[in-house]
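Below, each chain spelled out in residue letters.
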Amino acid sequence: MHEAVIVDAVRTPFGKRDGSFRDTHPQDLAAKPLEAVRARNDFEPETIEDVIYGCVTPIDEQGLNIGRLAPMVAGWGDVVPGVQLNRMCGSGQQALNFAAANVMAGQHDVLIAGGVEHMTRVPMGSDGADGVDGKSAVTDTYFEHFDELTHQGEGAERIAEEYGFSREELDEIAVDSQRRWGEAWEAGRYDGQIVPVETELDGESITVEQDEHPRPETDLETLSNLPLSFREEGNGRHHPGNASGIVDGSSALLVASEEAAEEHGWEPMARIVQTEVVGVDPVTMLTGPIPATEQVLEQTDLELEDIDLFEVNEAFAAVVAAWLEETGVSWENVNVNGGAIAHGHPLGATGAMLMTKLAHELERTGQDRALSTMCIGFGQGIATIIERV
């Protein structure tokens, strides 16, 4: 079996909803990290054998296979194929996992894996809802055998109830996420992975260089005054301050075989060790990171103690809190530069962005191994282990 390595990993800044990217077409946003990867690694477009891009809402401006259109918009001509995939919130990470599998199997040598989501211009859920109380023909036709259908917010609330998490405990995770992002930004830890985006806003040229969603000054008092998002006061715990931000962004990783990396003179950042995907209860739906973590480790000779850094996507604070309780991993080793509560969760791009964060942090710190895991709608989980080369 061939070894699959991450050669480079970049992302755009994440624009807040109706923010600096509101006039930027999703195809243009999707192309930005591709432009950066090529400029940073000096290859001809035909070097790339495929582009695998996650996109959770592949309709309207994100339709027509944005994975194929993005390299064309990036100026790569018509020689580079591309595919769009949708594993909901895990799409960007699944793109990397598929790319790694192709390289390991010897089917390809050089691939791009990543994702895009423009949640301002193509709102979440617009591929399935018909605008009537959030119901859809898809729900009515295909999910009749479910005893109960819930949305992700309700799933998060049920997890919080099951584990007995208080609102303050979840808010503490949120405050830490915001603080950690702020400290990481000030220390320049995002400099090598976030590429500036030149675009237009209200008819004028602008350059977006920084995530727009974070509020590093957030404190517990501020969060305690926010209204609940999914339940009535006194019966819930989640609100806009302890759930992931709705943002616009894209990300991409250059993935290659060890032989191809050597041939092109590329210095790999990390090796992809193992990947996993699982299914879980679709009602609570967000517990997938727990068995995904267990099973990806079972596929290797590694234990939790062998992993130095973790990314557990902060879709909701209860998801992270439940994972921490079940695994016993120290919060100090998880989401060390802030998570989606701070920088946001551009659905199709987030998984690739989490892997980007881990690859750069391993390189920065000299630590050995990292694991990323994500919850996924309708009850799935995904995990990936990488190690520094």
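In what follows, the accompanying structure is described.

Calculation rules
Residues numbered from 1 in each chain as written. Predicted model: local features only at pLDDT ≥ 70, side-chain atom pairs only at ≥ 80, totals over all residues. Heavy atoms only, no water. Core = buried A, V, L, I, M, F, W, Y, C linked by side-chain atoms within 4.5 Å. Buried < 20%, exposed > 50% of the residue type's maximum accessible area, 1.4 Å probe, protein only. Helix = DSSP H or I, 4+ residues; strand = E, 2+ residues; numbered from the N terminus. Contact = heavy atoms within 4.5 Å. Salt bridge = Lys/Arg side-chain N within 4 Å of Asp/Glu carboxyl O. Patch = residues over 30% accessible without salt bridge, like charges linked within 9 Å, V, L, I, M, F, W, Y side chains within 5 Å. Areas by Shrake-Rupley, 256 points an atom, 1.4 Å probe, with all protein chains shown as cover. Lys, Arg positive; Asp, Glu negative; His and termini not counted. Charge placed at Lys NZ, Arg CZ, Asp CG, Glu CD.

### Section: the nonpolar core
Okay, so step 1: Ranked by internal contacts, the top residues of the largest apolar core, which has 42 residues, are Leu286, Trp323, Val334 and Ile385.
Okay, so step 2: Elements represented by at least two residues in this core include exactly helix H5 (152-163), helix H6 (167-186), strand S9 (270-279), helix H9 (289-298), strand S10 (309-312), helix H10 (317-327), strand S11 (369-376) and strand S12 (380-388).
Okay, so step 3: Examining the composition of this core, we find that 8 residues originate from one element, H10, more than from any other.
Okay, so step 4: Contacts of leucine 286, omitting those with residues within four sequence positions, involve Gln152, Gly155, Ala156, Ile159, Phe316, Val319 and Cys375.
Okay, so step 5: By size, the runner-up hydrophobic cluster in this structure holds 32 residues, among which are Leu29, Ala36, Val51 and Trp76.

### Here's the deal with the pattern of salt bridges
Okay, so step 1: Overall, the coordinates contain 18 salt bridges when judged by the stated rule.
Okay, so step 2: The shortest N-O distance in the salt bridge between arginine 179 and aspartate 176 comes to 3.2 Å. A residue pair is termed a helical-turn pair when its members lie 3 or 4 positions apart in one helix, as arginine 179 and aspartate 176 do in helix H6 at 3 residues.
Okay, so step 3: Under the relative-accessibility criterion, arginine 179 is labelled partly exposed at 34%.
Okay, so step 4: Note on aspartate 176: relative accessible area 19%, which makes it buried.
Okay, so step 5: Between glutamate 183 and arginine 179 there is a salt bridge, with its nearest N and O atoms 3.2 Å apart. In this pair, glutamate 183 and arginine 179 are both assigned in helix H6, 4 residues apart and thus about one turn of the helix distant.
Okay, so step 6: For glutamate 183, a relative accessible area of 43% puts it in the partly exposed group.
Okay, so step 7: The network of salt bridges with common partners includes Glu3, Arg271, Arg369 and Glu387.

### Remarks on a negative patch on the surface
Okay, so step 1: Side chains of Glu162, Glu168, Glu169, Glu172, Glu294, Glu298, Glu325 and Glu326 sit close together on the surface and give a patch of like negative charge.
Okay, so step 2: Among the secondary structure elements, those contributing two or more residues to the negative patch are H6, H9 and H10.
Okay, so step 3: When residues in the negative patch are grouped by element, the largest group, 3 residues, is from H6.
Okay, so step 4: The residue glutamate 169 is located in helix H6 in this model.
Okay, so step 5: A relative accessible area of 40% means that glutamate 169 is categorised as partly exposed.

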